[in-house]
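Chain and residue survey
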Amino acid sequence: MASPVTPYLEISQAIEDAGGEALRKCYQCGTCTGVCPWSSLSDFNIRKFIRQGQFGFDGIEEFMWDCSTCNYCVSMCPRGVEIIDIVRAVRRVYSEGGQLPESLRAFVGSLSARGNPWSGDPDKRNDWCRGTCPEYAAGTEYLYFTCCTVCYDPRNVHVARATAGLLDRAGIDWGLPSTNVNCCGESAAKVGNADLFERLKNNNIEIFESNNVKNIIVNSPHCYYTFTKEYGGEYKIIHTTELLADLIREGKLIPTKDLGGTRVTYHDPCYLGRHSGIYDAPRDVLRSIPGIDFVEMDRIREQAMCCGGGGGGLWTERNKGERLSDLRVEEALETGATILATACPYCISMLEDSVKTLGASEKIMVKDVTELVFESLESLV
Amino acid sequence: MSRIGVFVCDCGLNIARTVRVGEVVEFAAALPGVVMAEEYKFMCSTPGQELIQESIERHNLDRVIVAACSPLMHEKTFRKVMEKAGLNQYLLTIVNIREQCSWVIEDKDKATAKAKALINGAVHRSRLLTSLDSRMIDVQPGVLVVGGGIAGIQTSLELAAMGTKVYLVEKSPTIGGHMAQFDKTFPTLDCSACILTPKMDAVLQNPNIELMTFSEVTEVKGFVGNFDVTVRQKARYVDHDKCTGCLSCVEKCPGRGPSEFDEGLERRKAIYIPFPQAVPQKPVIDRDSCIYFKKGKCRLCEKICEQGAIDFEQEDTDREITVGAIILATGYDLMDTSPLVQYGYGTYQNVYQALEVERLFNATGPTEGNVVMRDGREPESIAILHCIGSRDKNYHEYCSRVCCMYALKFAHLFKEKTSADVYQLYIDMRCFGKGYEEFYNRVLEEGVKFIRGKAARVTDRATTPDEEGKLIVEAEDTLSSQFLRLPVDMVVLAPAMEARADAGEVSRLFNVSLDKNKFFIERHPKLDPLSTMTEGVFLAGTCQGPKDIPDTVAQAMGAAAEALTIVGKEQLELEAATAFVNPSECCGCHNCVRVCPYSAPSFNSEKGVSEINEALCKGCGLCGATCPTGAITMRHFTNDQVMGELEGLMEL
């Protein structure tokens, strides 16, 4: 503390070379730390992190895994600094140096060995469907790309089933990918493992190309973002909420069962909202359900609070009192809602976990928008 | 046979370092028609010019070629030398062997070869040049000043002091602009009205200034020295010749509208003067708030007015004026901060923008100079947020220049008028002017707290009992690396200074261009900041870019000087290198009229041929190239002359 420090520009250069050139643009105004959801919960300070990166100062390793890549800082930065790219670059430099934290090693290893982060058997990727789903073949109109989480996580499997049910009901020509596909790779990219991401990406791209895939439906905004911005193909990526909004507007799906005034609020997933600009479609879908009492939380749309699941956060252990999803559930409870709707498998996992640990299971339920719509359809006799 | 003199400049080392000038001179001297060739280190200097003049006389030259820098630099300089030596200035040719040769080529052989080729081309053309006579046009003596804020006022007073006739056109009912809304000005803390109103009165009293308020320019035709301008004087529904300014009508008027002068914080009457010191002191009726115009009833003002000055039948009138020069001084607007929902302007009633706060401080404002918020309370804590919309890629990348200083001014005034805690949230403190840094120091000593960190958010959700009922500003204090929640009663935003919303229309009216931030663009940012690319149209004040009052006044005085370079003369010399139409060859196709960017050609339907207005023509050559019959000749760039130059270029 008392001795003077000297800049260690080799580290800054390494960060820049790994994709963090945006370090140069930052003029340290502090807007990023001002908006970062972690600032009031922990000692993580994103501006200081960038400062340490600019000069190669010590201390950058301490908090580098905390960022959940929610994009709030990037969207508000007056200099247009690509802050998340800097975080990824720092993580890349350190993880390639063997410094990946324990809590993240399991999922990265699983991605590498099994093509999914849940240690699931790759051959069983489509088993959630119990054999009733069509398989995609060249010429099928839509590929329904199931996020690994909806394939393997027991809670999120219901989302996949609801989605499949909706697609069938609407008469969409769709199919599941073969079990040769793997994770979109988003989480690998965000924790700095660029090589693993490339491998996963290339495998998927090959399968998409050889099957002439044109339209891809996804549940996960993380898949949506990655396919749209980082895969670079000619496919049209459609999020389930966008598709549902269109189908409902066209009358191909008709939510019928009245919710009887149930109060529902909606959590904007960061990768659907801030990263991809989709705010209205999920709200339009929810509002079309008869009998819904739709209310907004305090922090919504571009100002929405992150659930903490991105950037590796889904696998990171956090101390009580430092969990963003706890705060988000509390915000939802404040509205008096009994259903907290969202549209992302990661958000669902994080929010469900918080509902349990806060002891609020009797007061509020977490549901995906697709589940709510599916449940509101008139049952087929 | 011509007697051509070639003068090749070293330009110090700028040319000589790359071009072998001695070799070029030898080459030139041997060319047919060339009588002598000389080298000199700085041809534009006095001895250089004298060399040319003496050579003309000694060798009886009838054509001169100067191979040196760009003609934009010194064509005028050497043309004067020609005149002094008794030669027509259009017998001069400038060859650019600097910007287009030595400055862009590294290889000496190539550069020298190019210089030779360029000079050869010039010699071929020079032989074919003819004398041309410049035309002189009469200059109209008046100046139009658009905008009656401090810039327009100052520039009008300067011009009037020189005996120039000024037409000052202002679109609102009074002059004074935004400066009239301020309370005190930094760094001297002069009362704004105290320094402004004497000037406003001086404008009113000055016999050389014709003040047209509540008026707008609707059309501009003509060219430098002779602008024909249409000014629309909007209907005031009050006859200002009969009105004595007693304002009894204002007292009784039942109609109400939002006060523009008070930034909407107060209501004013439908018949009104914007503020007590308005010039002229005579009211106008706002149709949108007048009960008679809206519902057909009332007319109380008409009944009260003893002079019979109310005239509901009044119509807009157009006035045609002719001036020699125009100065644009149309000012700025503050950015609307409502879209920045994170700061709560428009949502939380105690979030203010800068001009609203000026009105609070001002004794003629809605709270009579007391700091009282919209909810009636006096604040005990105030946060001033810098850079709202400025220095921000999401809104305006530029810095608005004045906000750091007025934020300090606000802090000082808050400390003077209240016992509140005052916080400033800044990224940098920009205190660049005379007395500015000292003012910053003074405000620090007054106990204002400075937080280096751009404010991220303003919220009213309390998380502790101390925060109840407060507005909480969230930001990082970067200097101590801590995330702050700052509970305050009042938040003041410093919004970006923007170009006026109608800048696009104004730019089209006056044929000036806008920069990427929609401010009017100057001819050169360093060396010609008050001229535009349209000759005779000048700029002053914030319409050219954000600036404070000292800079605005300086620019206004400068713009007056610029305008005087036009109207101070009785005649202007017109460039002779313009186009002209040979009427016997014109087929009346109108193509020249269609292609000209300067509206110089017009079709004379009586004669059935096109004619070119030589004052508007810039000699660009578009019409000459387009004319299908070759009826149009470009003086100084005739077909023969241009082909001659090409032959010379390609000969080597």
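Now for a look at the structure at hand. (Residues numbered from 1 in each chain as written. Chains lettered and ligands numbered in written order. Predicted model: local features only at pLDDT ≥ 70, side-chain atom pairs only at ≥ 80, totals over all residues. Heavy atoms only, no water.)

1. Here we look at the nonpolar core
Among soluble globular proteins, nonpolar side chains are generally buried collectively. Within the largest apolar cluster, 129 residues are counted, with the highest numbers of intra-cluster contacts made by A:W128, A:I216 and A:F227. When neighbours within four sequence positions are excluded, A:W128 is seen to be in contact with A:C133, A:Y144, A:T146, A:V150, A:C151, A:V157, A:A160, A:R161, A:A164 and A:L176. Grouped together as the second largest cluster of nonpolar side chains are 80 residues, B:F275, B:V553, B:A560 and B:A563 included. (Core = buried A, V, L, I, M, F, W, Y, C linked by side-chain atoms within 4.5 Å. Buried < 20%, exposed > 50% of the residue type's maximum accessible area, 1.4 Å probe, protein only. Contact = heavy atoms within 4.5 Å.)

2. Structural notes on a negative patch on the surface
Taken together, the side chains of A:D43, A:D58, A:E61 and A:E62 make up a negatively charged region of the molecular surface. Mapped onto the elements of the fold, A:E61 is located in helix 4 (residues 60-63). (Patch = residues over 30% accessible without salt bridge, like charges linked within 9 Å, V, L, I, M, F, W, Y side chains within 5 Å. Areas by Shrake-Rupley, 256 points an atom, 1.4 Å probe, with all protein chains shown as cover. Salt bridge = Lys/Arg side-chain N within 4 Å of Asp/Glu carboxyl O. Lys, Arg positive; Asp, Glu negative; His and termini not counted. Charge placed at Lys NZ, Arg CZ, Asp CG, Glu CD. Helix = DSSP H or I, 4+ residues; strand = E, 2+ residues; numbered from the N terminus.)

3. A few points about unusual backbone geometry
Most peptide bonds adopt trans geometry, and most residues besides glycine take a negative phi value. Residues and elements named next belong to chain B. Cis geometry is found at the peptide bond from F186 to P187, where omega equals -10°. If you trace the backbone, P187 turns up in the loop between strand 8 (184-185) and strand 9 (190-191). Note that the residue after V279, namely P280, is joined by a cis bond; omega there is 0°. With respect to the helices and strands, the residue P280 is situated in the loop between strand 15 (271-272) and strand 16 (284-285). Despite not being glycine, C298 shows a phi value in the positive range, around 95°. Relative to the elements of secondary structure, C298 occurs in the loop between helix 9 (291-295) and helix 10 (300-304).

4. Notes on the interface of chain B and chain A
Counting residues at the interface gives 18 residues for chain B and 25 residues for chain A. Across the chain B to chain A interface the summed buried area is about 1,800 Å²; carbon plus sulfur atoms make up 43%. In this structure, the connection of chain B to chain A is made through four salt bridges. Its salt-bridge partner being A:R47, residue B:E476 comes within 2.7 Å of it at the nearest N-O pair. Linking chain B to chain A there are 13 residue pairs in polar contact (both at pLDDT 80 or more). Residue classes in the side of chain B that touches chain A are distributed as four nonpolar, five polar and nine charged. (Buried area = accessible area lost by both parts, 1.4 Å probe. Polar contact = N/O pair within 3.5 Å; in protein donor to acceptor, adjacent residues only side chain to side chain. Nonpolar A, V, L, I, M, F, W, Y, C, P; charged D, E, K, R; others polar.)

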